[in-house]
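Topology and contacts: notes
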Amino acid sequence: MVKYQNRFIEVLSYVEANLDEDLDIEKLCQLAYLSKYHFHRQCSAFFGMSVMSLVKLLRLKRAAYQLAYRSETKVVDVALACGYESHEGFCRAFKKIFNQSPSGFSLAPDWTPWHSKYEPILKLRTKIMTDKVNINVGIVEFPETLVATMEHRGAPDLLGNTINKFIEWRKENRFPPSKSKTFNLLYDDPNVTAPDEYRLDLCCSIECEVEESPEGIVNKVIPKGRCAVIRHIGSDDYLSVLINFLYSKWLEESHYELRDFPIFLERVCFFPESSENEVITDIYLPIK
């Protein structure tokens, strides 16, 4: 079983890295060491869907992020990048998954219909990361960092709206990710927190305090101190497993204790600006 799992993890990695290409079934069969007679059935058994359904969902996820978080994105360009020959075909496929047209989604994204469609991929990635044996944890001294912060308070499903507001504020005030580091402060576990009680802060580093604004911007400080850190390269879908690993297995086996500050992320490289498999996120657990 481990042998077959590793083969299909290789197939998934190849698909993630080549979403812009016309994926060759022959190549995927070679990666899985299977003939076409068996490949499609075993893909469906491992992925929980056909390989082309997997490709379609991953492409539509990227399309949705581009439409939601890039105000300058044109629907026709997104359609072509997803491999659709016509604007109409892309719009039909997008609306079937999101219950909104691409143009409507770009104006007011509703992620709720997406979650049930995406659940098989999330479960698959969670299983892959849970079974991973070697997770490298480093220890660093994190410097005191002043941050401009937009607080998200409410259901995780509504986080996209807060992200959009924060992106627009950063653009208007000239704090691009290339010059201002991006952080998320994670106060709550969405799996055990009531939706209306969920808290997360969106932050960017600043040199001096900014004027607190009607959009909800406040000044905060990430304090200096020792942190355990994992550098993760890949989809956000894997983050919850890595966070749980730090809090459970790693902390239990270490001699460290927790500091009084929430776990936080530094977003080093973003999706959809980068391919999902190339996204870089540093996970920091404050310890003493």
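Residues numbered from 1 in each chain as written. Predicted model: local features only at pLDDT ≥ 70, side-chain atom pairs only at ≥ 80, totals over all residues. Heavy atoms only, no water.

The helix and strand inventory of the protein stands at 10 helices and eight strands. Against the compact-globule benchmark of 19 Å for 288 residues, the protein has a radius of gyration of 20 Å, which places it among compact chains. With respect to the three principal axes, the spread of C-alpha positions in the protein is 60 × 45 × 35 Å. Element-wise, carbon and sulfur atoms account for 51% of the exposed surface of the protein, whose accessible area totals about 15700 Å². Distance from the positive charge centre (35 side chains) to the negative charge centre (41 side chains) of the protein: 5 Å. (Helix = DSSP H or I, 4+ residues; strand = E, 2+ residues; numbered from the N terminus. Rg over C-alpha atoms; globule rule 2.2 N^0.38 Å. Areas by Shrake-Rupley, 256 points an atom, 1.4 Å probe, with all protein chains shown as cover. Lys, Arg positive; Asp, Glu negative; His and termini not counted. Charge placed at Lys NZ, Arg CZ, Asp CG, Glu CD.)

Looking now at the sheet that holds strand 5 (residues 217–222). In a beta sheet, neighbouring strands pair by backbone hydrogen bonds and run either parallel or antiparallel. Here we have eight strands laid out as an open sheet, ordered 1-6-8-7-3-4-2-5, and antiparallel in their pairing. Two strands lie at the open edges of the sheet, namely strand 1 (138–142) and strand 5, each paired on one side alone. Direction aside, the axes of adjacent strands within the sheet are offset by 35 degrees on average. In the sheet, strand 2 (residues 145–153) pairs with strand 4 (residues 199–205) via seven bridges, with the strands oriented antiparallel. The residue of strand 4 that forms the bridge with Ala-148 is Cys-204. Contacts from helix 9 (residues 159–172) reach strand 2, strand 3 (182–186), strand 4 and strand 5, with the element oriented near 20 degrees to strand 4. (Pairing = 2+ DSSP bridges. Axes fitted to C-alpha atoms, helices over the stretch in contact; angles between N-to-C directions. Contact = heavy atoms within 4.5 Å.)

Relative to the elements of secondary structure, Phe-245 occurs in helix 10 (residues 239–253). When the C-alpha positions of Phe-245 and Thr-162 are compared, they lie 28 Å apart, and in sequence the two are 83 residues distant. With residues up to four places along the chain from it excluded, the contact list for Phe-245 reads Ile-135, Val-137, Ile-230 and Trp-250.

Turning our attention to the pairing of strand 8 (residues 280–286). Side-chain positions along a regular strand alternate between the two faces of the sheet. Across the seven residues that make up strand 8, a large majority, seven, are buried. Both strand 6 (residues 225–233) and strand 8 contribute to a ladder of seven bridges, which runs antiparallel. Within strand 8, the residue paired with Cys-227 across the bridge is Pro-286. (Buried < 20%, exposed > 50% of the residue type's maximum accessible area, 1.4 Å probe, protein only.)

Let us look at the packing of aromatic side chains. In the structure shown here, the tally under the stated rule is 25 aromatic pairs. Judged by centre distance (5.1 Å) and plane angle (80 degrees), the rings of Phe-105 and Trp-111 are edge-to-face. Residue classification places Phe-105 among the buried positions, given a relative accessible area of 0%. Note on Trp-111: relative accessible area 9%, which makes it buried. Summarising the aromatic geometry, the rings of Phe-166 and Trp-169 are spaced 6.2 Å apart at their centres and angled 10 degrees between planes, so their arrangement reads as stacked. Residue Phe-166 and its partner Trp-169 are both found in helix 9; the two are separated by three residues, about one turn of the helix. Taking relative accessible area as the criterion, Phe-166 reaches 5% and is therefore assigned buried. Members of the aromatic cluster, each reached through a chain of ring pairs, are Tyr-65, Tyr-69, Tyr-84, Phe-90, Phe-94, Phe-98, Phe-105, Trp-111, Trp-114, Tyr-118 and Phe-271. (Phe/Tyr/Trp six-rings, centres within 6.5 Å; stacked < 30°, edge-to-face > 60°.)

Examined bridge by bridge, strand 1 and strand 6 share five bridges and lie antiparallel to one another. Considered in strand 6, the bridge of Ile-139 is made with Ala-228.

Side chains bearing opposite charge may pair, as long as their charged atoms lie close to each other. One pass over the full model with this rule turns up 17 salt bridges. For Glu-151, the salt bridge is made with Arg-153, and the minimal N-O distance between the two is 3.6 Å. Residue Glu-151 is classed as partly exposed on the basis of its relative accessible area of 37%. Overall, the relative accessible area of 40% leaves Arg-153 in the partly exposed class. Of the charged contacts, one joins Asp-201 and Arg-153 as a salt bridge, the two residues approaching to 3.1 Å between their closest N and O atoms. A residue pair is termed long-range when its members are at least 10 positions apart, and Asp-201 in strand 4 and Arg-153 in strand 2 qualify at 48 residues. Salt bridges here are not isolated pairs; linked through shared partners, they connect Glu-16, Lys-61, Arg-125, Asp-237 and Glu-276. (Salt bridge = Lys/Arg side-chain N within 4 Å of Asp/Glu carboxyl O.)

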